[in-house]
Structures are given as structure tokens and as C-alpha cells.
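Now for the letters of each chain:
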Amino acid sequence: MTVTGQMLIGQQATLGTHGHIHGLNAATGQVLQPAFGGAAPADLERACALAQAAFEPYRLLPLERRAAFLESIASQILELGDELIERCLLETGLPRARLEGERGRTVGQLRLFAAVVRKGGFLGVRIDPAQPGRQPLPRVDLRLRQMGLGPVAVFGASNFPLAFSVAGGDTASALAAGCPVIVKAHSAHPGTSELVAQAIARAARQQGMPEGVFSLLFDSGRDIGQGLVADSRIKAVGFTGSRSGGMALMQIAAARAEPIPVYAEMSSINPVLLLPHALEERGEQIAPAFVASLTQGAGQFCTNPGLILAVDGPALQRFERAAAEALGHVAAQTMLTPGIYRSYCQGVASLAAHARVQLLAQGPEGQGQQARGALFATSAAAFMACPELRGEIFGPASLIVRCADLTVLQQVLRSLEGQLTIAIHLGEGDQPQVRALLPLLESKAGRLLANGFGTGVEVAHAMVHGGPFPATSDSRSTSVGSLAIQRFLRPVSYQDLPESLLPAELHSANPLQVPQLLDGQGSG
């Protein structure tokens, strides 16, 4: 395959005429060819009309065909081979091993949702049979199942060009739910986006899907992305990015005549708790693992450990020295875009200049837009008094908050906004404190983990990649794992309909063999 600079509106490759964007070589800043034409309002209209027309025939397809489509997308992505990795290397500056792993994760997500669709548990079937003889009043026959919301808009993410972009988790879970998808590609990796979109389009042709089941749009500004969210045919939005970007989309969605949900993953500093026994017993071993997590992928993970909370004292001082030494050996790394690099440098400079913050260490100088790691420290009193110390710095920087005791540490925790993750490093002697803290920790984050760091996000049935605002716009949801499909479903109840008119999954004989909750009993 070749990169052409064209969008995909249904099965039609189209060169946009509304301005243009270029990919950049992340390491050198060199402009990459070709130019990508931005979508015009007519392109947006066409994509939305096709998605609306595709919704009903797509959602009514047999589950096996929907699952086969997802698996075909996975196969087509793999068939792109090294061309996809090479283009992604240029546009992102991420290491080959990271991109090959991310491609594997993308393919794994698609196959996971294919399995979810086949099993049918996501339909949430519930059957309460009629009880005509019940006293004092008979009970009607009630049957419930989940169905797709309608066409979904997905915004590609800058930091995960494969796993959170064109065929990433939002797209996979929406297609699994029976929803057509329109992706607004991220301008940082347009060539990568086009290649993956071509793979999806080929899979759609091979599997005989309705034409509008998938489209890809480029946006030379913000009009198309905003117009996509505002369009009445779009019924939900998936977004991974900045807090300001997510909030802007939420405001557009809320102002519509028919407000719609925006599932936005936005901002998290992912606190790491170093409890006293763990710090005393193995603080100097935790330190290099922390630095490795902090600097992985130039710190461009939404689960990056941007905050350390610990009780001040000799054990914490040893941890700080070990972390500073480890950071000094980590080479600077290329960041995804010039804008991300500038923002990171500004955030680090602001912390370094703060009167109540101490710079503990920085990594070696880099070249171009390579970010060097940075480690800072402050007191709990300063942290709680200075709101500017709480903001996310997207990159390999972290702030240690020195607490006088565990009571103060708990006060700092209570003052935090919602988070994606909270990591707790504990020894056996710390368990009573952790048990006491758990209710507070549960109220602050979507994922709690022990003796590790949040930068490993497993794609699994029990994973939650979400959390209270501003980590996400809806704390009831996750963007990773099989539960992500629930974002794009709604329940429909059928009362006293003849069985011949009911969807097959609601028949008493259960011909599809999907899980059913029958009169409150069973596996539904």
C-alpha cells in the first residue's frame, strides 16, 4: 500500500480540498510527503449520511458476521507489514519495539471484541416471563437486550498512534457494539492513520459490510472535529487527549438539541504512594523501577507516574538519591510533536522556577525536540497551597511530595482530583494503613495497583482505564478492556411482544446460546 493523502468516506478515497496538513519527521522536523487534504463541510455531510444509513443494516447483522469483520480488520492491519511501522516511526519518533508492541495490542483488542461479540454476553439479555396468575396483579412479559447507540465519532490520540487511534479501542468497541464509526485523524500521524483506514476499508469490502460502517476524515483546523460532534446523526464520542480538548467537545455535545455522551480520557498525574515499610525495606530498589516507568516512551503515557507521596525522613532521602542517580543515566528521547515538546519544556521550567519546589535531578541534555527527564520535590504544605503544582506535565517529569506523617499524606490524597491510577508500594507492615486508605483511594481512581506502576495497561476483561473527573468525563466507563463496549450500548425492553417479533437473542429457546438472566437467575 502507499500513502496518498486521501481520506476515506465509506469506500471512496477522497482528496480533501479544505486546507491541508503534513506529517512531520518527529526526530528532525522535516516535512513528510504527501500533503493530506482537509475535509470540507460536504465531506463531513457525506460521511455522516453514510454512517446513518449503515447503522440499521450493520447492527442487525448476525453476531458472527460482526465478529468476522473485527477479525478481518486485525488481519488487514497485520498485512500492512513493515510499511505501517516505518511510517509510524517517522511520524512519532517512537521506538520500533514500542510500535510493534502497540500494533500487537491493536490487533489483540480487535480479536478480544470479536470474541465478546460471539459470546453475546454484552447483549445483557434479561427475561422476566409473564405471570398471569400473580396476585394481586398479573405480571407482564418483559424482555431486555442492549443495542448500539448509533454512529460514533472517534478522535485519534497523539500518544498512541495505533492502539488509541484509527483502529484503536474506541473504534473496536464501537464497531463491536454495532455502531458505525467516523474517525477524525490526529494531525500528528496522518500517514499512519491513512494506512490503517485502508486496512479497515478492505476488511469492510471483504466482509460485505454497509458502505458507511467506517470513514476517516482529516481536519486542517478544528471545524470538522467540532462539526462532527455537533452533527445530529452522531450519537456518542470517544476522545483521548488534553483536558482543554475534551472539555471543548463536551460543551459542544451538551449544547446540542439532543445532548450526547462524550467519553473523554483527559488528565491524570497518577499518584504513587511509597508507604513507610516499603520505603524502608526497598526504597532504593523501587527508585530505578520508578524512573524506568517515568521515562518510558519519553513519559508520553496518560498513566505516567507524575506524583510521589511519601513520609519524609531518611528512607525517603535514600529513595530520592537513588532515583536522581538512575535518572542521570536515562538518555533524552524524542517527543511526539513540536507542540508537545514545547509544552513539556514550559512545564518543567515553571516547576524549576517555583519558589517552593526543589529540582532534584535531570537527565542528560538531548538534541532537537528530545525531552530529558526531570525530578522535583516539594512539601505537603506547599503542594496543598499552590494549585499550579497539581497540573499534569505530559512527559518524563515527576514531583515528590514530602509529608510529615501518614495523616498529612492522607490529607494530600483527599485534596487530589480524580485519577486514572493510584499505585501503592507497601510492605507487610503497611497493610493496616492501606486497608484504612482503600475507601479514599477507591473514590479517587479507576485502577488501584500494588507494588508496580500504572504504565502497563493490560487489555483484559477486568481492566479499567478510566476514573473520576478529570481523568475521564464519565467515571462509570473504561476505554480499555471488554467493558469498553458498554459505552456505546443502550437497553431496550420489550413488553408482551409475540416471540415471532422479538430478536433471536430474546427467544425462550435461546437459539443463539447467549447468556440470559431468566427471572433473575442465570448467567446474564
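Residues numbered from 1 in each chain as written. Predicted model: local features only at pLDDT ≥ 70, side-chain atom pairs only at ≥ 80, totals over all residues. Heavy atoms only, no water.

Moving on to the overall build of the protein chain. On a plain count of helices and strands, the protein chain comes out with 14 helices and 23 strands. In terms of C-alpha radius of gyration, the protein chain reaches 25 Å, essentially the compact-globule figure of 24 Å for 524 residues. Seen along its three principal axes, the alpha-carbon backbone of the protein chain occupies a region of about 75 × 65 × 40 Å. The burial tally for the protein chain puts 57% of its 524 residues in the buried class. Partitioning the contacts of the protein chain with sequence separation of at least 6, the portion at a separation of at least 24 is 77%. For the protein chain, the exposed area adds up to about 20500 Å²; of that, 54% sits on carbon and sulfur atoms. (Helix = DSSP H or I, 4+ residues; strand = E, 2+ residues; numbered from the N terminus. Rg over C-alpha atoms; globule rule 2.2 N^0.38 Å. Buried < 20%, exposed > 50% of the residue type's maximum accessible area, 1.4 Å probe, protein only. Contact = heavy atoms within 4.5 Å. Areas by Shrake-Rupley, 256 points an atom, 1.4 Å probe, with all protein chains shown as cover.)

It is worth spelling out the pattern of salt bridges at this point. As enumerated under the stated definition, the model contains 21 salt bridges in all. Where Asp519 meets Arg139, a salt bridge forms, and the shortest distance between an N and an O atom there is 3.1 Å. Placement of the pair is Asp519 in the loop between β22 (516-518) and β23 (521-522) and Arg139 in the loop between β5 (125-128) and β6 (142-148), with a sequence separation of 380 residues. Here Arg143 makes a salt bridge to Glu499, at a shortest N to O gap of 3.6 Å. A residue pair is termed long-range when its members are at least 10 positions apart, and Arg143 in strand β6 and Glu499 in the loop between β21 (489-495) and β22 qualify at 356 residues. When its relative accessible area of 8% is taken as the criterion, Arg143 is described as buried. A relative accessible area of 34% places Glu499 in the partly exposed class. Taken together, the shared-partner salt bridges connect Asp82, Glu86, Arg96 and Glu100 into one network. (Salt bridge = Lys/Arg side-chain N within 4 Å of Asp/Glu carboxyl O.)

The gaps left among the atoms become clear once a water-sized probe is rolled over them. Throughout the structure, instances matching the rule amount to two cavities of 30 Å³ or more. Size it by volume and the largest cavity reaches roughly 90 Å³. Looking at the lining of the largest cavity, the elements that each hand over two or more residues are β10 (236-240) and β11 (262-265). Of all the elements, β11 adds the most residues to the lining of the largest cavity, at three residues. (1 Å grid on protein atoms, 1.4 Å probe; cavity = no way out; pocket = protein on both sides within 12 Å on 5 of 7 lines; lining within 4 Å. Points joined across faces, edges and corners; volume = space filled by probe spheres on them.)

This part covers the packing of helix α2 (residues 63-79) against helix α4 (residues 96-119). A pair of packed helices can be characterised by two numbers: the angle between their axes and the separation between those axes. α4 packs onto α2 with a crossing angle of 170 degrees between their chain directions and a minimal axis gap of 8 Å. The pairing of α2 with α4 is recorded here as roughly antiparallel in orientation. Along its contact with α2, which presents Leu63, Glu64, Arg66, Ala67, Ala68, Leu70, Glu71, Ile73, Ala74, Ser75, Ile77 and Leu78, the element α4 presents Arg103, Thr106, Val107, Leu110, Arg111, Phe113, Ala114, Val117 and Arg118. Classifying every residue of the contact of α2 with α4 gives 13 nonpolar, two polar and six charged. (Axes fitted to C-alpha atoms, helices over the stretch in contact; angles between N-to-C directions. Parallel < 35°, antiparallel > 145°, perpendicular 65-115°, else oblique. Nonpolar A, V, L, I, M, F, W, Y, C, P; charged D, E, K, R; others polar.)

Domain parsing of the protein chain yields domain 1 (7-266) and domain 2 (271-450). Of note, the centres of domain 1 and domain 2, computed from C-alpha atoms alone, are 34 Å apart. With 15 residues of domain 1 at the interface, the matching set in domain 2 holds 15 residues. In total, about 1100 Å² of surface goes out of reach between domain 1 and domain 2, with carbon and sulfur atoms giving 59% of it. Looking at the side of domain 1 facing domain 2, the largest losses of area belong to Ala26, Asn159 and Glu265, adding up to 33% of the total buried there. One can count one salt bridge joining domain 1 with domain 2. The partner of Glu417 in a salt bridge is Arg243, with the nearest N and O atoms 3.1 Å apart. (Domains from an automatic or database assignment. Buried area = accessible area lost by both parts, 1.4 Å probe.)

Where helix α9 (residues 276-295) contacts helix α10 (residues 314-327), the axes come no closer than 8 Å and their chain directions differ by 30 degrees. Crossing of α9 against α10: the hand is right-handed. Facing Leu279, Glu280, Gly283, Glu284, Ile286, Ala287, Pro288, Phe290, Val291 and Thr295 of α9, the residues of α10 in contact are Ala315, Leu316, Arg318, Phe319, Ala322, Ala323, Ala326 and Leu327. (Left-handed = near helix turned anticlockwise from the far one by under 90°.)

Let us now look at the sheet that holds β22. Reading across the sheet, the five strands line up as β21-β6-β5-β22-β23 and stay open at both edges, with mixed pairing between neighbours. Two strands in the sheet have a free side with no partner beyond their single neighbour: β21 and β23. As paired elements, β5 and β6 share three bridges and run antiparallel to each other. Residue pairing across strands places Ile127 opposite Arg143, the latter belonging to β6. (Pairing = 2+ DSSP bridges.)

Below, the discussion takes up the nonpolar core. In this structure, Phe69, Ile77, Phe214, Leu216, Leu217 and Val237 are the most contacted members of the largest nonpolar core, which totals 88 residues. No other element matches helix α6 (residues 190-206), which puts eight residues into this core. Once residues within four sequence positions are removed from consideration, Leu216 is found in contact with Met7, Leu8, Val166, Val183, Ala185, Ser193, Glu194 and Ala197. By size, the runner-up hydrophobic cluster in this structure holds 42 residues, among which are Ile85, Leu94, Leu275 and Ala380. (Core = buried A, V, L, I, M, F, W, Y, C linked by side-chain atoms within 4.5 Å.)

Right, let's get into the UniProt feature "domain: Aldehyde dehydrogenase" (unreviewed entry) in the protein chain. Those places that UniProt annotates as "domain: Aldehyde dehydrogenase" (unreviewed entry) correspond, in this numbering, to residues 22-406. Taken end to end, residues 22-406 is 45% helix and 17% strand, and its two terminal C-alpha atoms sit 51 Å from one another. (UniProt positions renumbered as here; feature names shortened; annotations may be inferred.)

If you trace the seven strands from one edge of the open sheet to the other, you get β2-β1-β9-β8-β7-β10-β11, paired in mixed fashion. Strands with a single pairing partner mark the edges of an open sheet, and in this sheet they are β2 (12-14) and β11. Each neighbouring strand pair of the sheet contributes to a mean axis angle of 20 degrees, computed without reference to strand direction. For strand β7 (residues 152-155) and β10, the ladder comprises four bridges, and the chain directions are parallel. Across the sheet, the residue bridging to Phe155 is Phe239, located in β10. Against the sheet, helix α5 (residues 169-177) contacts β7, β8 (181-184) and β10, and its axis sits at roughly 170 degrees relative to β8.

Let's shift gears to the side chain of Ser173. In this structure, Ser173 sits in helix α5. Contacts of Ser173, omitting those with residues within four sequence positions, involve Phe113, Ala484, Ile485, Arg487 and Phe488.

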